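# Fold and geometry: a report
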Amino acid sequence: MINSVSANPIAPKTTKTSIFYVNDLHGQTMKMEKVYNMSRAFDQFVPSEKTTKLKLSSGDIMLGESSKPNVIASKFLELIGITATAVGNHECDGDSKQLYELTKDKNYKMLGLNVKIDENNPLSKRIEKSYIQEKDGERYGIIGLLPPDLFTRVAKPDNYKDFQIDDFDKTIKDVQAEVDRLQEQGVNKVIVISHAGNANEKRLAQETSGIDVILGGHSHELIKDVKEGENLLYGKDGNPVVITQAGKDADNIGVLNLEFDENGVITKVQNNVTPTKTFRRNLVMKYFSEKILGKPEVVGNVKAAEAEPVNRLAEENPHADFVADAMKEATGAEMAILGSANLRNTFEAGAITSRDVSSIVPFKNGMVVAPLSEKTLVEALKFGAHSLVSAGTKPGILQVSGLNYKMNKAGELLSAEYVDKNGNKQALDIQNPSENKTFKVALDTYYANGRDGFSMLSCMDKVEQTFEDDKDKMVMAKLKRMTEAGEPIEVKADNRIQIVD
């Protein structure tokens, strides 16, 4: 006779899954060396129960037009075992041919459901809508999304004239159709790797059925833990959808631990975000980086460096002050303006190398000097100031040299003044600025082409000087000059930008 106590019903099937995820690393090669070790730790961790491990990327791993750092970024994804990545806007900083050459022989998938590409472009076959990843007997549907605002986020949109990006309303419908197609093939666990930004990703979660996880990017959110109503939402079918992002600039990586029931519905979730600074740099990645970029040169010794602001888009940044001053000095301009988002790392006390500097200002857009009118400058300052009340404080305030300005927290410009080479200050008329009064201004070609919404700065037809050296070379020159002159190198704010109540 069978004892009724031992006749337990068969436990329902569950699937445990752990996802190592990265996004918006922005070409930070030295931090990638740390992420490499974090990835190895993830591989070596043995969970108490059978768990399927996945590795996915939500894009912007590359940065800038220079191919060498992007060779490292592309190889990095392969080396750490990423199986699929979304295509971010910074993957498109160079032209489409360069992107294809960088990725054509890599074993990871490139995903972008919301882009239509001319069939004559080889990327039309390289970038797929989705794929089914089979591992440990489990099947996962992986869908990728490009940024809907791609053409406003790249310096040279004409490089991608054979790309067509769908608006997000259409994208939501197309994602649903793709989810339905995957489900028809027996897939009941669907992950979206998205470079569409958190606001769009929340819409996607709530306006579709069948998505389980959205690994996000583009808006640089640092999403820790799981909070209902914030990053734990519900689809149209009433099932949970988890959204997460790991910030920006390789400061953090994430590990998302999930448990699915037999129908592919999430029943348990844990979201762990870990700072990269606690890990050592990997020697294999370091060797590979130096093989491509060469050994770094020590260019100075920083005596002291203030911390960057909590939100570098919305405050004076002492590190940006130093860079803008270097731009002004190197070009001989009366002023220099710099996008807040241009800086992707910070100076630290101690010896500083050429690679350190390149990680701080990694974009290679080119530098120009052009005459800009008082009216143009005031319009640009006002547009940047409005970032204080815009979603995500984007595109960010303008960082400056040779110019001081004040605004309030409502994003209104209150005053501005030009600072001449002798330190004398002259007020700009912010109410009725002149079109005839001009200043020689140093800026990079990204802004000189009116990108990030700063259309008033479009001035390539007026450029008086162009420079082969970009911001990183100008900063290195300043560091070397100060070192040779015995000047202490201190990176600190001087209240050139003030924000009042």
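As a starting point, this report considers the structure included with it. (Residues numbered from 1 in each chain as written. Predicted model: local features only at pLDDT ≥ 70, side-chain atom pairs only at ≥ 80, totals over all residues. Heavy atoms only, no water.)

## Quick word on the pairing of strand β7 (residues 130-135)
Every other side chain in a regular strand lies on the same face of the sheet, so the side chains alternate between the two faces. One ladder, built from 6 bridges, connects β7 with strand β8 (residues 138-145); its direction is antiparallel. Following the sheet pairing, isoleucine 132 is matched in β8 by glycine 141. Counting the residues that bridge the hairpin from β7 to β8 gives 2 residues, and of these aspartate 136 lies at a positive phi of roughly 55°. (Pairing = 2+ DSSP bridges. Helix = DSSP H or I, 4+ residues; strand = E, 2+ residues; numbered from the N terminus.)

## Here's the deal with helix α8 (residues 283-293)
Taken together, the buried positions of α8 are occupied by Met285, Phe288, Ser289 and Glu290. The inward-facing, buried residues of α8 abut α1 (29-44), α2 (67-79) and α10 (354-360). For α8, the N-terminal cap is asparagine 282; the gap from its side-chain oxygen to the backbone nitrogen of valine 284 is 2.8 Å. Phi for glycine 294, located one or two positions after α8, is positive at around 85°. (Buried < 20%, exposed > 50% of the residue type's maximum accessible area, 1.4 Å probe, protein only. Contact = heavy atoms within 4.5 Å. Polar contact = N/O pair within 3.5 Å; in protein donor to acceptor, adjacent residues only side chain to side chain.)

## Quick notes on the packing of aromatic side chains
Remark: the centre distance and the inter-plane angle together describe each pair of aromatic rings, the angle taken between the planes. A complete count under the given rule lists 7 aromatic pairs for this structure. Plain terms: the ring middles of tyrosine 160 and phenylalanine 163 are 4.9 Å apart, the flat faces sit at 85° to each other, and that makes the pair edge-to-face. In this structure tyrosine 160 comes out as buried when scored by relative accessible area, which is 1%. Among the aromatic side chains, those forming a connected cluster through ring pairs are Phe383, Tyr446, Tyr447 and Phe454. Of note, lysine 189 hangs over the ring of tyrosine 140, and the distance from its end group to the ring centre comes to 5.4 Å. Here the basic side chain of lysine 478 rests over the ring of phenylalanine 322, its NZ or CZ set 5.2 Å away from the ring centre. (Phe/Tyr/Trp six-rings, centres within 6.5 Å; stacked < 30°, edge-to-face > 60°. Lys NZ or Arg CZ within 6 Å of the ring centre and 35° of its normal.)

## Details of the pattern of salt bridges
Across all of its chains, the model carries 40 salt bridges by this definition. Ionic pairing is found between lysine 16 and glutamate 49, a salt bridge with its closest N-O pair at 3.8 Å. Here glutamate 49 lies in the loop between α1 and β2 (52-57) and lysine 16 lies in strand β1 (residues 15-22), a separation of 33 residues in the sequence. Lysine 480 is paired through a salt bridge with glutamate 297; the nearest N and O atoms lie 3.2 Å apart. Here lysine 480, found in helix α13 (residues 471-484), pairs with glutamate 297, found in the loop between α8 and β16 (298-305); they are 183 residues apart in sequence, far enough to count as distant. For lysine 480, a relative accessible area of 30% corresponds to the partly exposed category. Each of the salt bridges in this network shares a partner with another, and the network as a whole consists of Lys116, Asp166, Lys170 and Asp174. (Salt bridge = Lys/Arg side-chain N within 4 Å of Asp/Glu carboxyl O.)

## Quick notes on unusual backbone geometry
The residue after lysine 394, namely proline 395, is reached through a cis peptide bond having omega 5°. Summarising the element assignment, proline 395 is placed in the loop between α11 (374-385) and β20 (398-401). Look at asparagine 495: it is not a glycine, yet its phi comes out positive at around 65°. Tracing the backbone shows asparagine 495 in the loop between β26 (489-491) and β27 (497-500).

## Overview of the sheet that holds strand β3 (residues 84-86)
In a beta sheet, neighbouring strands pair by backbone hydrogen bonds and run either parallel or antiparallel. Here 7 strands make up an open sheet; going across it, the order is β6-β4-β3-β2-β1-β14-β15 and the pairing mixed. Of all the strands in the sheet, the pair left with one neighbour each is β6 (127-128) and β15 (266-275). In this structure, β1 lies alongside strand β14 (residues 252-260), joined through 7 bridges in antiparallel fashion. Directly across from lysine 16, in β14, lies its bridge partner glutamate 259.

So, to be careful, I would describe these as geometric facts and stop short of saying anything about function.
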